[in-house]
Amino acid sequence: MSDDIRSEVVRMLIDVVGEDFLLDVEVGPETTFGDDLGLESIEFVVLVDRLRTHYGDRVDFPGFIAGLDLDQLINLTIGDLVDHIAAQEQAHA
């Protein structure tokens, strides 16, 4: 399930930043949105909006983000986001 979610997150990420942007980056669970991808805050907001549209109210993205301190937010990884989505999906299954 996590691999499917990660693929979906990466697909949406490509939609947000463009395929060329990710050509030189190996996107995996440890990839950070900040340091590795250099995602701007507006791009992250657009990504979260797409995720909310896809997953609906089953996944509480605002609550997840609000629960992070600044260091956690800066160092947020693809894996952290995928784990959160998987846990929320399982809780609502």
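Every value quoted in this text rests on a predicted model; they were computed, and no experiment measured them. (Residues numbered from 1 in each chain as written. Predicted model: local features only at pLDDT ≥ 70, side-chain atom pairs only at ≥ 80, totals over all residues. Heavy atoms only, no water.)

Engineer: Before we move on, could you go through the confidence of the model for the protein and cite the residues and values that matter?
Structural biologist: Scored by pLDDT, the protein has a mean of 89; 100% of the residues are at 70 or more. Within the protein, the lowest mean pLDDT, 87, falls on helix 4 (residues 70-74), and the highest, 94, falls on helix 5 (residues 78-91). (pLDDT = per-residue confidence, 0-100. Helix = DSSP H or I, 4+ residues; strand = E, 2+ residues; numbered from the N terminus.)

Engineer: Before we move on, could you go through helix 1 (residues 2-17) and cite the residues and values that matter?
Structural biologist: Since there are 3.6 residues in each turn of an α-helix, residues three or four apart along the chain are aligned in direction. Along its 16 residues, helix 1 runs 22 Å from first to last C-alpha, staying within 8% of the 22 Å computed at 1.5 Å per residue. Among all positions of helix 1, only Ile 5, Glu 8, Val 9, Val 10, Met 12, Leu 13, Val 16 and Val 17 are buried. Taken together, the buried residues of helix 1 touch helix 2 (41-55) and helix 5. Positioned one or two residues after helix 1, Gly 18 has a phi angle of 95°, which is positive. (Expected span 1.5 Å × (residues − 1). Buried < 20%, exposed > 50% of the residue type's maximum accessible area, 1.4 Å probe, protein only. Contact = heavy atoms within 4.5 Å.)

Engineer: Summarise the packing of helix 1 against helix 2; cite the residues concerned and give the values.
Structural biologist: Two elements in contact, helix 1 and helix 2, have axes whose closest approach is 9 Å; the angle formed by their N-to-C orientations is 130°. When the axis of helix 1 is compared with that of helix 2, the two are oblique. Crossing hand, helix 1 versus helix 2: right-handed. Between helix 1 and helix 2, the residues in contact are Ile 5, Glu 8, Val 9, Met 12, Leu 13, Asp 15, Val 16 and Val 17 and Glu 43, Val 46, Leu 47, Arg 50, Leu 51, His 54 and Tyr 55, respectively. Residues belonging to the contact of helix 1 with helix 2 are distributed by class as follows: 10 nonpolar, one polar and four charged. (Axes fitted to C-alpha atoms, helices over the stretch in contact; angles between N-to-C directions. Parallel < 35°, antiparallel > 145°, perpendicular 65-115°, else oblique. Left-handed = near helix turned anticlockwise from the far one by under 90°. Nonpolar A, V, L, I, M, F, W, Y, C, P; charged D, E, K, R; others polar.)

Engineer: Which residues make up a nonpolar patch on the surface, and what values go with them?
Structural biologist: On the surface, a nonpolar cluster with roughly 260 Å² of combined accessible area is contributed by Ile 42, Val 45 and Val 46. Here Ile 42 is to be found in helix 2. (Patch = residues over 30% accessible without salt bridge, like charges linked within 9 Å, V, L, I, M, F, W, Y side chains within 5 Å. Areas by Shrake-Rupley, 256 points an atom, 1.4 Å probe, with all protein chains shown as cover. Salt bridge = Lys/Arg side-chain N within 4 Å of Asp/Glu carboxyl O.)

Engineer: So what's going on with the layout of surface pockets? Which residues, and what values?
Structural biologist: Of the pockets and cavities examined, the largest pocket occupies roughly 190 Å³. In terms of lining, the largest pocket is formed by Phe 33, Gly 34, Leu 39, Glu 40, Ser 41, Phe 44, Ile 65, Leu 70, Leu 73 and Ile 74. Put simply, the parts of the chain that give the lining of the largest pocket at least two residues each are helix 2 and helix 4. In terms of residues, the lining of the largest pocket owes the most to one element, helix 4, which gives three residues. (1 Å grid on protein atoms, 1.4 Å probe; cavity = no way out; pocket = protein on both sides within 12 Å on 5 of 7 lines; lining within 4 Å. Points joined across faces, edges and corners; volume = space filled by probe spheres on them.)

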